Amino acid sequence: MSQLWIFRDFDKCSGCRLCEIACSLRHEGVVWPEASRITVLEFAPGIAIPHTCVQCYDYPCVKACPTNALYVDGKTGAVLVDTGRCTLCGACVRVCPARVPKVVKGRNYVLICDLCGGEPECVKACKEAGFNALELVPKPEKAYVDPYITLPEVVASKLSSKVYKGFSKEVLGL
Amino acid sequence: MNGFWDKLLEVDLTSGSHREVKVSPTIFRKFLGGRGLAAWLLWSELGSKWESVDPLGPENMLLILTGPLTGYYPGIKLIVSGKSPQTNGVVGSAVSSEIAVEIKAAGYDGIVIKGSSKDPVYLYVHDDKVEVRDASKLWGKTGIELLKMLRDDVRVNYDLEGVKSIPPALYIGPAGENLVRTAPVNAKWTHGAGYGGYGAVMGSKKLKAVVVRGSGPLPKVANLEEFVKLRNELIRLIPSKNYWFKFWGTPSEYYFAGNRKSSEPIRNWQEEWHKNIEYSHHDLETKVWVRRYWSDWGCPLSCMKVSIVDIDGNYYLTDGPDYEMGAYLGSNLGIFNVKEFTALSAIADNLGLCGIQTGNVVGFAFELYEKGVLTREDVGYELRWGDFKAASKLLEDIAYRRGIGKVLAEGTYRAALKIAEMKGLKPEEVLKYAVQAKGIGIGAHGIRSKADYPQPIAYVCSVQGGDHTSVAGLPINTIESESWKAFFDSAVVCWFNLFNIPEDTVVKFLNVVTGWGMCKDELYKELGPRILTLQRVLLLLGGPDVYWDPRVHDDNPPRFYEPLPSGPYKGKAGDREEVKKLKVQYFSELGWDELGIPTKETLSRLGLTELEPAVERVRKRLGI
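Residues numbered from 1 in each chain as written. Chains lettered and ligands numbered in written order. Predicted model: local features only at pLDDT ≥ 70, side-chain atom pairs only at ≥ 80, totals over all residues. Heavy atoms only, no water.

J.: Would you explain the interface of chain B and chain A in this entry?
T.: How large an interface is tends to be reported as the accessible area lost when its parts come together. The partner chain A presents 53 residues to the 50 residues of chain B that form the contact. Of the roughly 4200 Å² buried at the junction of chain B and chain A (both faces included), carbon and sulfur atoms supply 59%. Joining chain B to chain A, the criterion identifies eight salt bridges. One salt bridge connects B:Asp127 with A:Lys105, and the closest N-O pair in it is separated by 2.6 Å. The interface formed by chain B and chain A holds 24 residue pairs in polar contact (both at pLDDT 80 or more) in total. Elements represented by at least two residues in the side of chain B that touches chain A include exactly helix 4 (143-153), helix 5 (158-161), helix 8 (224-241), strand 13 (289-294), strand 14 (304-311) and strand 15 (314-319) of chain B. Considering every element that reaches the side of chain B that touches chain A, the biggest residue donor is helix 8 of chain B, with six residues. Its residues placed into classes, the side of chain B that touches chain A shows 24 nonpolar, 10 polar and 16 charged. (Contact = heavy atoms within 4.5 Å. Buried area = accessible area lost by both parts, 1.4 Å probe. Salt bridge = Lys/Arg side-chain N within 4 Å of Asp/Glu carboxyl O. Polar contact = N/O pair within 3.5 Å; in protein donor to acceptor, adjacent residues only side chain to side chain. Helix = DSSP H or I, 4+ residues; strand = E, 2+ residues; numbered from the N terminus. Nonpolar A, V, L, I, M, F, W, Y, C, P; charged D, E, K, R; others polar.)

In structure tokens form, the structure reads like this:
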């Protein structure tokens, strides 16, 4: 089996956050949006960016971790966190071009998407609700993945120019 | 307690201080949260002097409350309340925004704002960090501009924390700052808690915005396994049972309510029927919507649509517009062009005006102009049905209280009284054009055809006047009753996510979250009537500028007794005898007397004996 990947269709995301709720229920057993490993940022009406780990081929976060708390799940390709080793030093956050690892009050280790061991709850929730903005696919080649390694503001700005055209700057300020 | 923190954040803007206030679990069990809790908090704090409390004075409280279903049940709502500058009673005003979840995630069931600031401020809450911040640079800003400035002000530091959501805000536009009584408390770009007029309350406190960031989890639920199971079922069920919401949202009503049900306001309700097929969801989807699916937090239904139009090189952005906005800023003003009323909706959003209440008062003004009561000298320009430019100018004049806008900014009821005085007319000569109930312009669902959901007593008996989301009706132990609306506004959950879902399922969900053993019977026999009884007494206390007399004001607006002039229901009109009969029956089934005054036995049965002196005050004022 090949490794996995969550494809995000930015044109389809409604900004509903059902993915965040499903993620936190799965990982934390409560509704806890801040602790969700996928984060939706709504910059303007219709410009909602689901932001999560894209499993870079070179895994800079894993390389940067001074305590070897991060490692790759060979089966899925997800970055896993050894919660006992993580010191919350923040090296992985700063080295990640998309600033994906989350530092959250109440947890003494970083939170990163673990692909739910191969069956991501966020994807299921998005499908159940009929939006299909998230799709589970075999991990594409590096050249397909690389353009997605970016901050949500960058995606929002491009998407907004497409949707709002000349009005984009006025609405979004980006 | 499961589902609650039992804790409110109280902020005093006069002193700039804040504290946490404990709320006993028994209060939540009696009033749930949201609207019920608002009525109870207001009664406890201000009840003994209610009549003298100026809704726009520092004594009033602004309440921002969640409920036990907020953040758990699919969809999202928040309740904004206080003493209403429209009804002088209590309105539970609902708005959709993720800020409801942020409040809970910050560790509170709600926020209580007291006093008033000397200078413009905004409130920033990040968990237990509470700051009253200077808002002098934000004061005067309109919606879109303000949201951009706020976003920059409260930006999360990605380098330290990783990427997180953008902290959401509640805010007012220029209308709220100028104490316009039709100003909502806004959320996101296009939402407003409109009924009640709490934007003016916020403006009176010099409070421009409230931003909340919650980092923690929501309170634990009583039965996690059942909760997840039931929630997943509902996420499948809700959109499948209400698919039209997903496709078209409430704009599907433009043509359906007007053409099929004859219940749509047209030219200040002079008609309720039309056959304009271009005034429909189909023209919106082909001419206006740039994105079909735009959801609020946790909502599988996605009734919002992103709309952008370009008129003469000006761009306008809004949602939908949803049916109420379209009807009130479209057909009610004789405007059937989808681009034009979409633009008006965007203008209202941006100025911080409620589209329903403002569309109601603007339609009223247009008709007064048509009938010659208002003239060009009064207004400064012509008010002709269908004139987009005149309508947009009047919206601005209202928001900034310029010229005739200063009078119309008081809302339809108060404006009618002022115009009568200005013109030396008897109040009823102007009030006959005012389509409102107890200071609230009636929502865009008429009663004359009897083909839409509101019953003849829908607005007559509602404790929230013309609020179309809180209509009264019979049978009393069903969703027709206002008890059901008091329930969902107190559990604080979106009405649309309850459509075609049995009450038993919703009550079961509440029990799964809270661990209570509530049953449907309790909802209709105790909980609902308790909240309605408290709201009714505060409504009848009223004051200081306006009081209600059940013998006069528990009635439909005069227009609803005029026969429909066109369409398949031509000739149908409200029937005074029928209204009187149903009203007395409805009151009696709630345990109120024939004037809608709760009896001693009812107060005792509902655990509200402390209201007895207040009821006496009402009787004394009415001389009964």
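J.: How should I be thinking about the domain arrangement of chain B in this particular structure?
T.: Residue and element names in this part refer to chain B. Domain boundaries in chain B define domain 1 (7-213), domain 2 (243-434) and domain 3 (482-493 + 500-622). One C-alpha centre belongs to domain 2, the other to domain 3; they are set 28 Å apart. Counting from both sides, the interface comprises 18 residues of domain 2 and, opposite them, 15 residues of domain 3. When domain 2 packs against domain 3, close to 1300 Å² is buried across both sides, 57% of that on carbon and sulfur atoms. For the pair domain 2 and domain 3, the number of links is two salt bridges. Of the charged contacts, one joins Glu367 and Arg559 as a salt bridge, the two residues approaching to 2.5 Å between their closest N and O atoms. Summed over the shared surface of domain 2 and domain 3, the result is four residue pairs in polar contact (both at pLDDT 80 or more). Taken together, the elements giving at least two residues each to the side of domain 2 that touches domain 3 come down to helix 10 (253-260) and helix 18 (412-423). Split into classes, the residues belonging to the side of domain 2 that touches domain 3 amount to seven nonpolar, four polar and seven charged. (Domains from an automatic or database assignment.)

J.: Sorry, what's going on with helix 10 of chain B here?
T.: Owing to its 3.6 residues per turn, the α-helix aligns residues three or four sequence positions apart on the same side. Residues and elements named next belong to chain B. Of the positions making up helix 10, those classed as buried are Glu253, Tyr254, Ala257 and Gly258. Relative to the axis of helix 10, the buried residues are bounded by an arc of 110 degrees and lie together on one face. In the core, the buried residues of helix 10 are packed alongside helix 11 (281-287), helix 12 (323-329) and helix 13 (338-351). (Buried < 20%, exposed > 50% of the residue type's maximum accessible area, 1.4 Å probe, protein only. Arc of directions from axis to C-beta.)

J.: Can you help me understand the packing of aromatic side chains in this one?
T.: The geometry of an aromatic ring pair comes down to the distance between the two centres and the angle between the two planes. One pass over the structure, following the stated rule, counts 35 aromatic pairs over all chains. Between the aromatic rings of B:Phe496 and B:Phe499, the centroid separation amounts to 5.4 Å while the plane-to-plane angle is 55 degrees, which identifies the pairing as tilted. Connected via pairs of aromatic rings, a cluster forms that spans B:Tyr243, B:Trp244, B:Phe245, B:Phe247, B:Trp248, B:Tyr453, B:Trp484, B:Phe487, B:Phe488, B:Trp495, B:Phe496 and B:Phe499. Directly above the ring of A:Phe131 sits B:Lys246, whose terminal nitrogen or CZ lies 3.9 Å from the centroid. (Phe/Tyr/Trp six-rings, centres within 6.5 Å; stacked < 30°, edge-to-face > 60°. Lys NZ or Arg CZ within 6 Å of the ring centre and 35° of its normal.)

J.: Even after reading the chapter, I still don't get the sheet that holds strand 6 (residues 110-114) of chain B, so can you show me in this structure?
T.: Strands in a sheet are paired, the pairing made by backbone hydrogen bonds, and the direction either parallel or antiparallel. Residues and elements named next belong to chain B. An order of 2-1-6-3-4-5 is seen for the six strands of this open sheet, with the pairing classed as mixed. Single-partner strands in this sheet number two, and they are strand 2 (17-22) and strand 5 (93-95). Direction aside, neighbouring strands of the sheet carry axes that sit 20 degrees apart on average. Across six bridges, the pairing between strand 1 (residues 7-12) and strand 2 is antiparallel. From the neighbouring strand, Lys7 faces strand 2, where its bridge partner is Lys22. Along the sheet, helix 2 (residues 34-46) contacts strand 1, strand 3 (62-65), strand 4 (78-81) and strand 6; its crossing angle with strand 3, the most-contacted strand, is approximately 150 degrees. (Pairing = 2+ DSSP bridges. Axes fitted to C-alpha atoms, helices over the stretch in contact; angles between N-to-C directions.)

J.: Before we go on, may I ask you to explain the sheet that holds strand 13 of chain B in this structure?
T.: All names here are of chain B. Spatially, 13-14-15 is the arrangement adopted by the three strands of the open sheet, whose pairing is antiparallel. In this open sheet, the two strands that pair with only one neighbour each are strand 13 and strand 15. Here the average twist between neighbouring strands, direction ignored, is 15 degrees. Sheet topology places strand 14 next to strand 15; six bridges connect them, and they run antiparallel. The residue of strand 15 that forms the bridge with Val309 is Tyr316. Most of the contacts of helix 13 go to strand 15, to which it runs at about 80 degrees, and overall it touches strand 14 and strand 15.

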